[in-house]
Amino acid sequence: MVAAGLYLKRFYTVVRGEVLVLPSRVIVALFFLVLLGMPLISQDPYLIRIIVLTSIFAILAASWDLLSGFTGQMNFGHALFFGVGAYASAMLNVHLQIPPWVCVPLAAVAAVLTGLLVGIPCLRLKHTYLALTTMAFPIILMGIVFALPDITGGELGISGLQRISNSMIGNYYIYVVTMLVLCTIMWKITDSHTGIIFHAIREDELAVKASGINTTRYKLMAFCLSGFFAGIAGGLYAHYMRIAGPSTLEVSMSFTVVIWAVFGGIATIYGPIAAVFILFPLLEFVRFWPEYRMLIFAVVVLLILLYMPEGLIPWVRDKIEKECPRCKIRNVATRKTCRICTAVLD
Amino acid sequence: MAVPFLEVEALTKSFGGLRAVDNIQFRMENKEILGLIGPNGAGKTTLLRLITGILKPDSGSVRFQGKQLVGLKTWDIVNMGVACTFQNMRPFRRLPIIANVMVSCLSPRSMRRGEWVKVVESKAMDALEFAGISDMALEKASTLSQGDLKRLEVARAIATEPDLLLLDEPFGGLSPAETDLMAKSIRRLHKGGRFGRLHSEGPAMIIVEHKLQQLMKIVDRIIVLNFGTLLAEGKPDDVVNNPAVIEAYLGQGGGQ
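In this report, the structure presented in the accompanying data block is examined.

Basis of the calculations
- Residues numbered from 1 in each chain as written.
- Chains lettered and ligands numbered in written order.
- Predicted model: local features only at pLDDT ≥ 70, side-chain atom pairs only at ≥ 80, totals over all residues.
- Heavy atoms only, no water.
- Helix = DSSP H or I, 4+ residues; strand = E, 2+ residues; numbered from the N terminus.
- Rg over C-alpha atoms; globule rule 2.2 N^0.38 Å.
- Buried < 20%, exposed > 50% of the residue type's maximum accessible area, 1.4 Å probe, protein only.
- Contact = heavy atoms within 4.5 Å.
- Areas by Shrake-Rupley, 256 points an atom, 1.4 Å probe, with all protein chains shown as cover.
- Axes fitted to C-alpha atoms, helices over the stretch in contact; angles between N-to-C directions.
- Parallel < 35°, antiparallel > 145°, perpendicular 65-115°, else oblique.
- Nonpolar A, V, L, I, M, F, W, Y, C, P; charged D, E, K, R; others polar.
- Salt bridge = Lys/Arg side-chain N within 4 Å of Asp/Glu carboxyl O.
- Buried area = accessible area lost by both parts, 1.4 Å probe.
- Polar contact = N/O pair within 3.5 Å; in protein donor to acceptor, adjacent residues only side chain to side chain.
- Expected span 1.5 Å × (residues − 1).
- Disulfide = S-S within 2.5 Å.
- Pairing = 2+ DSSP bridges.

In this section: the overall build of chain A. Within chain A, the regular secondary structure consists of 15 helices and 4 strands. For chain A, the C-alpha radius of gyration of 21 Å lies close to 20 Å, the compact-globule estimate for 346 residues. Going through the 346 residues of chain A one by one, you find that 48% of them count as buried. Here the analysis covers contacts within chain A between residues at least 6 apart in sequence; of these, 70% occur between residues at least 24 apart. Summed over its atoms, the accessible surface of chain A is roughly 16,600 Å², and 70% of this surface lies on carbon and sulfur atoms.

Residue and element names in this part refer to chain B. Where helix α5 (residues 146-158) contacts helix α6 (residues 176-191), the two axes come as close as 11 Å, and the packing angle between them is 10°. With respect to each other, α5 and α6 are oriented roughly parallel. Counting all contacts with α5, which are made through Gly147, Lys150, Arg151, Val154 and Ile158, the residues of α6 involved are Glu178, Leu181, Met182, Ser185 and Leu189. Partitioning the contact of α5 with α6 into residue classes produces 5 nonpolar, 2 polar and 3 charged.

This model, assessed by the stated rule, comprises 18 salt bridges over all chains. Between Lys126 of chain A and Glu205 of chain A there is a salt bridge whose closest N-O contact spans 3.9 Å. One end of the pair, Lys126 of chain A, is in the loop between α5 (100-122) and α6 (127-147); the other, Glu205 of chain A, is in helix α10 (residues 205-210), and 79 residues separate them in sequence. Classification of Lys126 of chain A by relative accessible area gives partly exposed; the value is 44%. Judged by its relative accessible area of 12%, Glu205 of chain A falls in the buried class. Between Glu153 of chain B and Arg156 of chain B there is a salt bridge; the shortest N-O distance is 3.3 Å.

With that out of the way, let us pick up the interface of chain B and chain A. Contacts between chain B and chain A engage 27 residues on the former and 22 residues on the latter. Summed over the three residues of chain B that lose the most area to chain A, namely Trp75, Phe92 and Val103 of chain B, the buried surface amounts to 30% of that side. Inspection of the region where chain B meets chain A yields 3 salt bridges. Of the charged contacts, one joins Glu203 of chain A and Arg94 of chain B as a salt bridge, the two residues approaching to 3.0 Å between their closest N and O atoms. At the junction of chain B and chain A, the tally comes to 7 residue pairs in polar contact (both at pLDDT 80 or more).

Residues and elements named next belong to chain A. Here helix α3 (residues 45-71) contains 27 residues, and its C-alpha end-to-end distance of 39 Å stays within 8% of the 39 Å for a straight helix at 1.5 Å per residue. The buried fraction of α3 is high, at 23 of 27 residues. Among the residues trailing α3, Gly72 stands out with phi positive, at a value near 75°.

This part covers helix α4 (residues 79-96) of chain A. In an α-helix, one turn spans 3.6 residues; hence positions three or four apart end up facing the same way. Residues and elements named next belong to chain A. Look at α4: 24 Å from first C-alpha to last across 18 residues, which is about the 26 Å you get at 1.5 Å a residue. Most of α4 sits inside the fold, with 14 of its 18 residues counted as buried. Positive backbone phi, at 55°, marks Gln97, one or two positions downstream of α4.

Let's shift gears to the state of the cysteines. For the structure shown, the criterion picks out 0 disulfides over all chains. With no disulfide of its own, Cys84 of chain B lies closest to Cys105 of chain B among cysteine sulfurs, the gap being 16 Å.

On to the pairing of strand β10 (residues 204-208) of chain B, then. Residue and element names in this part refer to chain B. Judged by how many residues are buried, β10 sits mostly within the fold: 5 of 5 residues are covered. By the bridge criterion, 4 bridges tie strand β3 (residues 33-37) to β10 in an arrangement that is parallel. Looking across to β10, one finds that Leu34 is bridged to Ile206. Alignment of strand β7 (residues 164-168) against β10, held across 5 bridges, turns out to be parallel. Paired with Leu164 across the bridge in β10 is Ala204.

Take a look at the structure:
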């Protein structure tokens, strides 16, 4: 009893000192808690379904950010990784009867190999040329899919996949926890030394080379990592929808990912995730006026880009927090002095 | 015969019809400081870029400690111990200054003694300390002044712990006071030693510079380029009194 009380006290101290000091951390903690506690509040199948799909696309948007936001390798064909993940998982599950929880990691491996395959020819390309080239790859793959209807199901896709779990709540927890874990890993990667090199490659590739860093290796690494996470998203999507169709490879899919990331703020990881959690449910809830659906979506995105060119989340973060001019630690906007170095905040 | 430290042989590079570097050859000894001067467009920067592999030469060879550098990737050359700075500074503007230097500290050469990854930050800090901008370590690089950017370039280069340091106009755009500081840093670096976690063997240097007065105080030997060719080579005093050099700089009859 006493030991448990001590642990609780310690836990409370950590929470108060590390989480409650910053509104952004409180929001993240609430986000985790609400997602994990959702089935206790409501078990509405429609709501559960939307959250699961949102989680899948959050992984996808964050993986785009890892490649294009951080290393600056503009990828306008991110649906390629998603589609490869979905199709690989579907083919393994339907044709070879491999259980879903093996299929999804294998699908991720397939997407990593695709990342290598795409990354190598793209190494020499920059800016617009890179964007246009990457856009072509999912279209090429779609051509291959249509050319081999025996294996890929052609325009109908592969249907009849197994669900990962047969219970609705079980599925919910598998998807949401996977999303939270993968997104935390992506955020950790970008926060590490590797993340600094990714940032630097975006800023000035030649200067990174002159610092003795093998930029080829790091760019390929970014392609592979991004492919890995997007491949998992694709595999999870296929098993949830129980179908892997050509829609996963569509150009509109690639562009939606870019819109999510730009809306939320690129090179942040949490930005695109938040953007998906705002925009995807919004798009679902305006289904009541189907004729205005895309129009509302476009207006919201345009307004955000017009008034918050850095994206919604960095803008909000700057409003609720400010950076100490001396030690660069973030503080609540209401504080007069820095919580670490007590410098006066302006 | 001992292997020369740096040996450049018959190096040629053309841009279209312009021969930017034309059949240049010279040798350099370990720990030597070599000045590289010449009028604008003489091919000085191109020569440095050929040595570091940023540009590929049309023909010729560059040997560093007996190893051929032509054909190697820039990062391989840097990891062999040749570091360079850029004339038009190229910082990672949106990154904090310390992160700029950490990129160099993460290179295989800088980590070659099996240092812990944890050490990277403090090593980057020592490099900034040496360059004299450690007080601004957390600021974004875009906030730096011209002179501090030069210092950042130097910090980034020495963080790879080079044996040969190529400095492209280290005094360019600096005030007289800043120039003196920079010259002092260069001399201190050349003496070698330990600066915190940063180890300097006292690298040999090639310095491209227009401020001759300052340059003369530092260098052991000077090479003069003009229109991509080697015009003169020798001790600083001999070179400045060389009629051909005076003519190249000031035009015909300029010496009188």
